[in-house]
Amino acid sequence: MKEIIRKILKAIFKVVAIILYRPKIVGKENIPQDTSAIICPNHVHALDSAVIVVMANRKINVLAKEELYINGFVRWVASVFGIYPVKKGKKS
């Protein structure tokens, strides 16, 4: 069920991102489709983590600063997209 919700939300967010955000993707051909990879994007906005997930042609997980998790809806969307919070300056 979570995967179906992920696909639906990803499609909706992708359309919104393309219309409003107009992301520029450089080097997409260098991302392997069948092995692990670390993607280190430059970003300028709090929504960049979600945009990275929806623009990828494969399932990826993203780390984002904990301060972005401002409410329950954001936390829910982040969990569906595989975006995990990172506590800056603290050891877990």
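All figures in this text were calculated on a predicted structure; none of them were measured in a lab.

Caption draft 1: Expanded view of the overall build of the protein. A tally of helices and strands in the protein yields three helices and two strands. Ordered by position in the sequence, the α and β elements of the protein form the string α-α-β-α-β. Against the compact-globule benchmark of 12 Å for 92 residues, the protein has a radius of gyration of 13 Å, which places it among compact chains. Projected onto its principal axes, the C-alpha coordinates of the protein cover approximately 35 × 25 × 25 Å. Within the span of the protein, comprising 92 residues, buried residues form 24% of the whole. Taking the contacts inside the protein whose residues are at least 6 apart along the sequence as the reference set, 54% of them involve residues at least 24 apart. Here the protein displays about 7,200 Å² of accessible surface, and carbon together with sulfur accounts for 62% of that area.

Caption draft 2: Examining unusual backbone geometry more closely. One non-glycine residue, Arg22, lies in the positive phi region at around 50 degrees. Tracing the chain through its elements places Arg22 in the loop between helix 1 (2-21) and helix 2 (48-55).

Caption draft 3: Examining the layout of surface pockets more closely. A volume near 660 Å³ is recorded for the largest pocket. Along its surface, the largest pocket is lined by 25 residues, and Lys24, Ile25, Val26, Pro41 and Ile52 are the ones closest to its centre. Considering each element in turn, the lining of the largest pocket owes the most residues, four residues, to helix 2. When its residues are assigned to classes, the lining of the largest pocket shows 16 nonpolar, five polar and four charged. In this structure, the second largest pocket occupies an estimated 460 Å³ of space. Among the elements of the structure, helix 2 and strand 1 (62-65) are those that each provide at least two residues to the lining of the second largest pocket. Along the lines of polarity and charge, the residues of the lining of the second largest pocket split into 12 nonpolar, five polar and three charged.

Caption draft 4: Representation of the packing of aromatic side chains in the model. Tallied over the full model, the rule gives two aromatic pairs. The interplanar angle of 80 degrees and the centroid separation of 5.3 Å between the aromatic rings of Phe13 and Phe81 together place this pair among those described as edge-to-face. Linking Phe13 in helix 1 with Phe81 in helix 3 (residues 72-81), this pair joins segments that are 68 residues apart in sequence.

Caption draft 5: View of the pairing of strand 1. Residue alternation in strand 1 divides its side chains into a buried set, Val62 and Ala64, and an unburied set, Leu63 and Lys65. Pairing between strand 1 and strand 2 (residues 83-86): four bridges, direction parallel. Each bridged residue has a counterpart across the sheet, and for Val62 the counterpart in strand 2 is Ile83. Each parallel crossover has a hand, and for strand 1 linked through helix 3 to strand 2 it is right-handed.

The rules behind these values
- Residues numbered from 1 in each chain as written.
- Predicted model: local features only at pLDDT ≥ 70, side-chain atom pairs only at ≥ 80, totals over all residues.
- Heavy atoms only, no water.
- Helix = DSSP H or I, 4+ residues; strand = E, 2+ residues; numbered from the N terminus.
- Rg over C-alpha atoms; globule rule 2.2 N^0.38 Å.
- Buried < 20%, exposed > 50% of the residue type's maximum accessible area, 1.4 Å probe, protein only.
- Contact = heavy atoms within 4.5 Å.
- Areas by Shrake-Rupley, 256 points an atom, 1.4 Å probe, with all protein chains shown as cover.
- 1 Å grid on protein atoms, 1.4 Å probe; cavity = no way out; pocket = protein on both sides within 12 Å on 5 of 7 lines; lining within 4 Å.
- Points joined across faces, edges and corners; volume = space filled by probe spheres on them.
- Nonpolar A, V, L, I, M, F, W, Y, C, P; charged D, E, K, R; others polar.
- Phe/Tyr/Trp six-rings, centres within 6.5 Å; stacked < 30°, edge-to-face > 60°.
- Pairing = 2+ DSSP bridges.
- Right-handed = clockwise from strand over helix to strand, strands pointing away.

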